[in-house]
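Coordinate inspection notes
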Amino acid sequence: MYYIDDKEFGRIYIAVRGNMRNVTMRWRGGNIYMNVPPGASRQQLENIINDFRTRLRKSRQQDTLSYHLGQVIQCYGFTITINEQDQLPGKIIFSKTDTNVVVSVPQGTDLNHHHNKEWVSKALKMMAHERAARVLLPLAKSITQRLAVAPRHFEIGRGLRKLGHCTPAGVIQLSANLVFLPEELITLVVCHELAHLTHMNHSPQFHALLNAYVGGREKQLERQLKTFPWPVIK
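Figured I'd write up the structure that's included with this text.

Criteria and thresholds
Residues numbered from 1 in each chain as written. Predicted model: local features only at pLDDT ≥ 70, side-chain atom pairs only at ≥ 80, totals over all residues. Heavy atoms only, no water. Disulfide = S-S within 2.5 Å. Buried < 20%, exposed > 50% of the residue type's maximum accessible area, 1.4 Å probe, protein only. Salt bridge = Lys/Arg side-chain N within 4 Å of Asp/Glu carboxyl O. Helix = DSSP H or I, 4+ residues; strand = E, 2+ residues; numbered from the N terminus. Arc of directions from axis to C-beta. Contact = heavy atoms within 4.5 Å. Phe/Tyr/Trp six-rings, centres within 6.5 Å; stacked < 30°, edge-to-face > 60°. Lys NZ or Arg CZ within 6 Å of the ring centre and 35° of its normal.

**Let's talk about the state of the cysteines**
Within the structure shown, the criterion is met by zero disulfides. Between cysteine 191, a free cysteine, and cysteine 166, which holds the nearest cysteine sulfur, the sulfur-to-sulfur gap is 13 Å. Taking relative accessible area as the criterion, cysteine 191 reaches 0% and is therefore assigned buried.

**Concerning the pattern of salt bridges**
Scanning all chains against the criterion turns up eight salt bridges. Arginine 53 is the partner of aspartate 6 in a salt bridge, and the nearest nitrogen-oxygen pair spans 2.9 Å. Taken as a pair, aspartate 6 in strand S1 (residues 2-6) and arginine 53 in helix H2 (residues 53-64) lie far apart in primary sequence, 47 residues in all. A salt bridge links lysine 96 to glutamate 130; the shortest N-O distance between them is 2.9 Å.

**Examining helix H5 (residues 204-213)**
Residues of H5 that are buried: Phe206, Leu210 and Tyr213. Taken around the axis of H5, the buried residues stretch over an arc of 55°, which confines them to a single face. Pointing more than 90 degrees away from the buried face of H5 are the exposed residues Pro204 and Ala212. Here the buried face of H5 lies against helix H3 (114-147), helix H4 (183-195) and helix H6 (218-226). Looking one or two places after H5, you find glycine 215, whose phi comes out positive at around 65°.

**Notes on the packing of aromatic side chains**
Taken as a whole, this structure holds four aromatic pairs when the rule is applied. Each ring, one from phenylalanine 9 and one from tryptophan 27, has its centre 5.7 Å from the other, and the planes form 85°; the classification is edge-to-face. Taken as a pair, phenylalanine 9 in the loop between S1 and strand S2 (10-16) and tryptophan 27 in strand S3 (residues 24-28) lie far apart in primary sequence, 18 residues in all. Under the relative-accessibility criterion, tryptophan 27 is labelled buried at 9%. Aromatic side chains phenylalanine 228 and tryptophan 230 sit 5.2 Å apart centroid to centroid with 85° between the ring planes, which places their arrangement in the edge-to-face category. Neither residue differs from the other here; phenylalanine 228 and tryptophan 230 are each classed as buried. One aromatic cluster in this structure is built from Tyr3, Tyr13 and Tyr33. The ring centre of tyrosine 3 lies 3.7 Å from the NZ or CZ of arginine 11, which sits over that ring.

Printed below as a string of structure tokens:
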């Protein structure tokens, strides 16, 4: 066994298997383990890692993400509680109030089987999209008033890899999944897009403006956003 050090994924362990034709990869204990056929070059393996980078990010999150009954997920403006139900086999049931959503899975569901993680994550993102406009838009509008800037309007989208976008026409699109973030990180994303109203780039001038918008905490908040433990699969 040997290894490749990757800037994003760290140490990737390589095992040569004489009976293999294709490369397989999986996360285990925070590292990627690759089984490869004889004769695969380092450059070929690095190319494969790059080709599967998006899939590896997703599988890493699945490897570390866990759900359990009674789990309370604090969202901006409301909470989501994971429960179980014995009324409708094979279905997730939702019950809702203004401040809490209960997501009830069928009794006996293994919440940490990868298919069920996908299922629960999809349900959580559905609730995020349902609630996003009523909790995110008032916050975004209050930030624009504080900063005295005027986007054309705000829209709610479903992205998770891309949390916000400012169009050339001045329309700011915010991901519904921002509800899973604490207020200061939502504010960072909103301010990032508002700064694009002045600088449609990521120039030093853009970052200086964004830093001013967030009270000199841009780098600190960006670090927090990069390491935020999302409760849904990205």
